[in-house]
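# Working through the structure, step by step
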Amino acid sequence: MWSELLWIHATGVCALALNVAALMRTCERSLRIQSGLAGVIWALNNLLLGAHTAAALSLVSAGRTATSAATLSARDSVRRVVFAGFLVLTLIIGALTWHGWPSALMVLASVLSTFAVFYLRGRALRLAMLLVSALWMYNAWLYDSWEQMAANVLTAAAALYGAHRAEQAEARRVIATGGCRPSPAAASS
């Protein structure tokens, strides 16, 4: 019993730390890679708690987030196909692990997160993660996981802080370029 509780708390604290640190990053690729790693650890945490839908969707989240990091600069058609694949996978896993309406919140959070990591950047991505955290809060409360509750509160705060930092970085870019984006020819010289 103590050993299992120790694993539950250790995985929760580790995933919590990775999640918060990821959302405070301004580098889009680093954010996605670190969030993917946190997703694997959250999956283990949810499995230990007996939250099977959340565990399965956390694994999908980890794969989705890592894949989105690899496809950040891919063609739109590639991202659309990968997005559609993860969307279908999310819906199938949600159906296979369905445990009543609380599962609907997890599926909705996963669908929103899927869209966000493939199509949003900067401030918009971090604000979408704020809504995802709110949806996941019910799962944390339902399974009485203080680490997940703390993670959702801290992730929401980190998302707000990250959104602020991303907005500041964009403002500095606009000031530095006079509001103009450099042409591809100027960027290659």
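Just so we're clear, the structure is a prediction, and the values are computed from it rather than from any experiment. (Residues numbered from 1 in each chain as written. Predicted model: local features only at pLDDT ≥ 70, side-chain atom pairs only at ≥ 80, totals over all residues. Heavy atoms only, no water.)

Turning our eyes to something else, we now look at the environment of S110. By secondary structure assignment, the location of S110 is in helix α5 (residues 101-119). Taking relative accessible area as the criterion, S110 reaches 3% and is therefore assigned buried. S110 sits 23 residues away from L87 along the chain, and the two C-alpha atoms are 8.4 Å apart. For S110, the contacting residues outside a window of four places in its chain are L57, R64 and T90. (Helix = DSSP H or I, 4+ residues; strand = E, 2+ residues; numbered from the N terminus. Buried < 20%, exposed > 50% of the residue type's maximum accessible area, 1.4 Å probe, protein only. Contact = heavy atoms within 4.5 Å.)

Relative to the elements of secondary structure, N139 occurs in helix α6 (residues 122-142). Taking the C-alpha atoms as reference points, N139 and E167, separated by 28 residues in sequence, lie 30 Å from one another. Aside from chain neighbours lying at most four places away, what touches N139 is N46, A51, A54, M106 and Q148. A polar atom in the side chain of N139 sits 3.1 Å from the side chain of Q148. (Polar contact = N/O pair within 3.5 Å; in protein donor to acceptor, adjacent residues only side chain to side chain.)

Counting 32 residues, the largest nonpolar core has L23, W42, L57, L125, M129 and W136 as its most contacted members. Those elements that provide at least two residues to this core are α1 (2-23), α2 (28-49), α3 (52-70), α4 (76-96), α5, α6 and α7 (146-177). (Core = buried A, V, L, I, M, F, W, Y, C linked by side-chain atoms within 4.5 Å.)

By themselves these figures say nothing about function.
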